Structures are given as structure tokens and as C-alpha cells.
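Chain by chain, the residues:
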Amino acid sequence: MTNAQSLPALTPIGDNPTLLWGMTNAERLRRLARAEGLPESTPPSGAQLFVNLDFVFDPVWLRHIVTLPGTVVMDGGDLVMAHLTGGIGPDDIIQHRGQLTIIDYRDNPQIYNRQLRKLDCPFIQRLTPETRREIERKSYFGAYKGVTDALTKYLWPELALWLTRGAASIGMTPNMVTAIGAALCVYATYLFAYGHYWKGMLAGFIFMVLDTVDGKLARCTITSSKWGNVADHGVDLVHPPFWWYFWGVGLGSWGLALSNQTFLLVMVAVVAGYILQRVIEGLFIKDFGMDIHVWQKFDSQFRLITARRNPNIAILFFATLAGRPDLGLIALAWWTVISLVVHAVRLVQAYAVKRSGRPIVSWMEEA
């Protein structure tokens, strides 16, 4: 484990005037270094992270290499970055090659990104005016979680990319996007309460896309903040039960109001199921140090459809399309219960594995 005292100081090599997400590569690197807590001056250990400004790379490379002194990353015959100590500089790499670990990007090395729950080879590419838009696209998709719901993963990535580029070009901050999304979230709740389901789902759809945009904008422009993260995740965590409750309230406007008993049972299933599922996920992280959805491949695949907001709104969309938003809410309640049972079983199975003395390791880390 790398401690703060042994972190290397960032030392850029060369210059590159081409802008990426509205900033120079040097500025991007400074933001990355600041986000990772790298010292501004060379520490007593003499450790330095030399980075070639001709290249752009996924931030996971920097997070990975700062933990590995004596590691050099190459793109064929070109130096990309090097974590060097003991007074060794970039010009000394050939001389000390036997003492260094050389990683060649062209060998397709795989790195497990715990933060985004995915295993892949993060991108590295030479930055020129001709490659700028391609690199922006790669950095955008590189910021996508590998394990998420089907709508986020497959339905709106291209739309969110277009919006992320637009937001970056006009200087919008992630917090501005979060605020607009939160307002639309509240507006959707209001529309659901009066049975305006199509307008509500449109407002909700835009909110859900913006919920992707704010995170991608923060990662691509290296402008994540503690309070922005709290606001974004706070809205995500709190609003779903309110959507489903007021969806049920709005059924009266369609002449499809549920009986008091049925409505109560549906709300108990939806709210309690949602809360308990979140509790199970929290217990898994606390006891096993990772998200439940990255344990085994089944868990990652089930995350595509598990009873979270986006899959649930898809259930309501198709039910409303069929003219039965009431049955959609009932189906949502059943799917919440089923998802809760699946998560509970997986938690019990994990505890059983732990008691047997076997380690709980993500299938991606094993790969």
C-alpha cells in the first residue's frame, strides 16, 4: 500500500497545446495529480512520476502506477509515464531496464478498476488535433461503470456523451447538471402524483440521462468534489420510493386506483424491499470490502435488471404503454421482492463461503 510520504511528484515532459474537454493536457494532469494527492515538490524519497504530454491516458493508469515504484509504461517504443526513484530519470531507463518493470500498452494489460467495477485495458493514445474527439470519446466511455443497469449501459450512452461534450464546452460544472437533474426529478414526482405519467416519464428520462452526464462530466474534466458526490448520490438514494408512491397516488386520475389494502401491500413491498436491498448491499461492502454486484459473474449480470430505478421505470413504461399503469406498479412490487430475495440469498451464500475459510474475491480480480 502506498502512503502519502512515498507518493511521487508529477513531472510533465514536453508540451501539448491541443485541448481536451476544454483544457490542456498539462492542466488535466495537474487536476489528476491534485485529485490523487500527489505532492507538488519532489518528496524525500526522490520519487517522481514522469508523464509524456504527447499522450493522454485513462486516470486509472495514474492511480495504478503511483502504487508501483520502478514501473514504466510504454506505447511501443514511446515513453508514456514512469514512476522512478533513486535519482533515475527518463534518459536512464534503458541503462536501468533490468531494475524496472516495463508495461507495454500494446500487450493489452488488464487492470481491475474497483471504483468503476470493471476489468479492462484502460486507453492510452497520442493527443493531436486529429485524435482529440476520438480521445474524448474513449475517456467518456472509460468513465462508465462496467457493472450497472441495462438502460445506463446500452440505451443512452451516446446521448449522454453529446450532452457531456456540450456541458464541457460551455463551462458547466457537474454540480450545475446535478441541480438541473434534481429539479426535473422533483417535477417528475409532481407529475406522477396527478397521473401525468407520460410527461412524468419524459422529465424522469431527462433526469436519468443527466444523472449519467454529471458523473461523466466530473470524471472527464477531473472536477469531482466531495459535496457534489454527496448531492448526486443523495438524490439517487432518496427519490425512488417517492416516485413509486406518487405513481400509485396518480392511478386515481386514470380510474385505476388500487384498493387501500392492495396499495398498502404494494408500498410495503416497494419501500421495504428497496431499503432492505440497500442494507444488504451495504453489509456486503462492510463485511467483504466490495460491491455485491462484482462478486461473481451472475451478480454482475443480475445488476443489469435488478430492481433499481431504471429497470423499474422500464416496467412502468411498458405497462403504461399497454394502458395499465396499475399493473405496472404491482409488477414493480413483485420484481422488488424477487430482487430482494436474490440479494439476500447471495449474502447468505457469501457468509457461508467465508465461514468455510475461502476468500471472497471479485471474479474480475481473479481474471
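Residues numbered from 1 in each chain as written. Predicted model: local features only at pLDDT ≥ 70, side-chain atom pairs only at ≥ 80, totals over all residues. Heavy atoms only, no water.

1. Quick look at the overall build of the protein chain
Now for step 1: The secondary structure content of the protein chain amounts to 13 helices and 11 strands.
Now for step 2: A burial count over the protein chain gives 50% of its 367 residues as buried.
Now for step 3: Across the protein chain, contacts joining residues at least 24 apart in sequence account for 74% of those joining residues at least 6 apart.
Now for step 4: Side-chain charges in the protein chain split into 33 positive and 29 negative, and the spacing between the mean points of these groups amounts to 7 Å. (Helix = DSSP H or I, 4+ residues; strand = E, 2+ residues; numbered from the N terminus. Buried < 20%, exposed > 50% of the residue type's maximum accessible area, 1.4 Å probe, protein only. Contact = heavy atoms within 4.5 Å. Lys, Arg positive; Asp, Glu negative; His and termini not counted. Charge placed at Lys NZ, Arg CZ, Asp CG, Glu CD.)

2. Quick look at unusual backbone geometry
Now for step 1: The backbone of Trp21 sits at a positive phi, close to 55°, despite the residue not being glycine.
Now for step 2: Note on placement: Trp21 falls in the loop between strand S2 (19-20) and strand S3 (23-24).
Now for step 3: For Asn108, which is not glycine, the phi dihedral falls at a positive 60°.
Now for step 4: Note that Asn108 resides in the loop between strand S8 (101-104) and strand S9 (111-113).
Now for step 5: Owing to a relative accessible area of 48%, Asn108 belongs among the partly exposed residues under this scheme.

3. Section: the pattern of salt bridges
Where side chains of opposite charge bring their charged atoms close, a pairing between them can arise.
Now for step 1: Under the defined criterion, the tally for this structure stands at 17 salt bridges.
Now for step 2: Here Lys138 makes a salt bridge to Glu134, at a shortest N to O gap of 3.5 Å. Residue Lys138 and its partner Glu134 are both found in helix H3 (residues 132-142); the two are separated by 4 residues, about one turn of the helix.
Now for step 3: On the basis of relative accessible area, Lys138 is assigned to the partly exposed category, the value being 31%.
Now for step 4: For Glu134, a relative accessible area of 40% translates into the label partly exposed.
Now for step 5: Arg308 is paired through a salt bridge with Glu281; the nearest N and O atoms lie 2.7 Å apart. Remark: Glu281 occurs in helix H9 (residues 260-288) and Arg308 occurs in the loop between helix H10 (297-302) and helix H11 (309-321); sequence separation between them is 27 residues. With respect to burial, Arg308 and Glu281 carry one shared label: buried. (Salt bridge = Lys/Arg side-chain N within 4 Å of Asp/Glu carboxyl O.)

4. Digging into the environment of Gly250
Now for step 1: Relative to the helices and strands, Gly250 is located in helix H8 (residues 226-250).
Now for step 2: It is 4.0 Å that separates the C-alpha atoms of Gly250 and Gly195, two residues lying 55 residues apart in sequence.
Now for step 3: Sequence-distant contacts of Gly250, that is, excluding residues within four places in its chain, are made with Phe192, Ala193, Tyr194, Gly195 and Tyr197.

5. A few points about the packing of H9 against helix H12 (residues 325-355)
Now for step 1: H12 packs onto H9 with a crossing angle of 25° between their chain directions and a minimal axis gap of 9 Å. Accordingly, the angle class assigned to the pair H9 and H12 is roughly parallel. In the packing of H9 onto H12, the handedness of the crossing is left-handed.
Now for step 2: Among the residues forming the contact of H9 with H12, the class breakdown is 20 nonpolar, 5 polar and 4 charged. (Axes fitted to C-alpha atoms, helices over the stretch in contact; angles between N-to-C directions. Parallel < 35°, antiparallel > 145°, perpendicular 65-115°, else oblique. Left-handed = near helix turned anticlockwise from the far one by under 90°. Nonpolar A, V, L, I, M, F, W, Y, C, P; charged D, E, K, R; others polar.)

6. Remarks on the state of the cysteines
Now for step 1: Inspection of every chain in the model, using the stated rule, returns 0 disulfides.
Now for step 2: Not part of a disulfide, Cys121 finds its nearest cysteine sulfur in Cys220, a span of 18 Å.
Now for step 3: We classify Cys220 as buried; its relative accessible area is 3%. (Disulfide = S-S within 2.5 Å.)

7. Let's talk about the nonpolar core
Now for step 1: With 73 residues, the main nonpolar core has Phe57, Trp61, Ile313 and Leu329 as its most contacted residues.
Now for step 2: With near-sequence residues (within four places) excluded, Leu329 lies in contact with Trp244, Trp247, Gly248, Leu251, Leu258, Val266, Met267 and Leu316. (Core = buried A, V, L, I, M, F, W, Y, C linked by side-chain atoms within 4.5 Å.)

8. A word on the packing of aromatic side chains
Aromatic ring pairs: the centre-centre distance and the angle between the two ring planes describe each pair.
Now for step 1: Inspection of every chain in the model, using the stated rule, returns 22 aromatic pairs.
Now for step 2: When the ring of Tyr187 is compared with that of Tyr190, the centres are 6.4 Å apart and the planes differ by 15°; the resulting orientation is stacked. On the criterion of helical spacing, the pair formed by Tyr187 and Tyr190 is a turn pair, its members being 3 residues apart in helix H6 (residues 174-193).
Now for step 3: With relative accessibility at 42%, the residue Tyr187 sits in the partly exposed group.
Now for step 4: Arranged with centres 6.1 Å apart and planes meeting at 75°, the rings of Trp243 and Trp244 form a pair that is edge-to-face. (Phe/Tyr/Trp six-rings, centres within 6.5 Å; stacked < 30°, edge-to-face > 60°.)

9. Description of the sheet that holds strand S1 (residues 9-13)
Now for step 1: Pairing is mixed in the open sheet, where 5 strands are placed in the order S1-S4-S7-S6-S8. In this open sheet, the two edge strands, each paired with only one partner strand, are S1 and S8. Adjacent strand axes in the sheet meet at a mean angle of 20°, parallel and antiparallel pairs treated alike.
Now for step 2: Bridge count for strand S4 (residues 48-52) against strand S7 (residues 78-84) is 4 bridges, and the pairing is antiparallel. In the sheet register, Gln48 faces S7, and the bridge partner there is Leu84. (Pairing = 2+ DSSP bridges.)

10. Overview of a nonpolar patch on the surface
Now for step 1: Together, Trp198, Trp254, Phe317, Phe318 and Leu321 line one region of the surface with nonpolar side chains, adding up to about 530 Å² of accessible area.
Now for step 2: Ranked by residues supplied to the nonpolar patch, first place goes to H11 with 3 residues.
Now for step 3: Within the secondary structure, Trp254 is located in the loop between H8 and H9.
Now for step 4: For Trp254, a relative accessible area of 31% gives the class partly exposed. (Patch = residues over 30% accessible without salt bridge, like charges linked within 9 Å, V, L, I, M, F, W, Y side chains within 5 Å. Areas by Shrake-Rupley, 256 points an atom, 1.4 Å probe, with all protein chains shown as cover.)

11. Regarding the environment of Ala272
Now for step 1: Summarising the element assignment, Ala272 is placed in helix H9.
Now for step 2: The class of Ala272 is partly exposed, set by a relative accessible area of 32%.
Now for step 3: Sequence-wise, Ala272 and Leu127 are 145 residues apart; in three dimensions their C-alpha atoms are separated by 50 Å.

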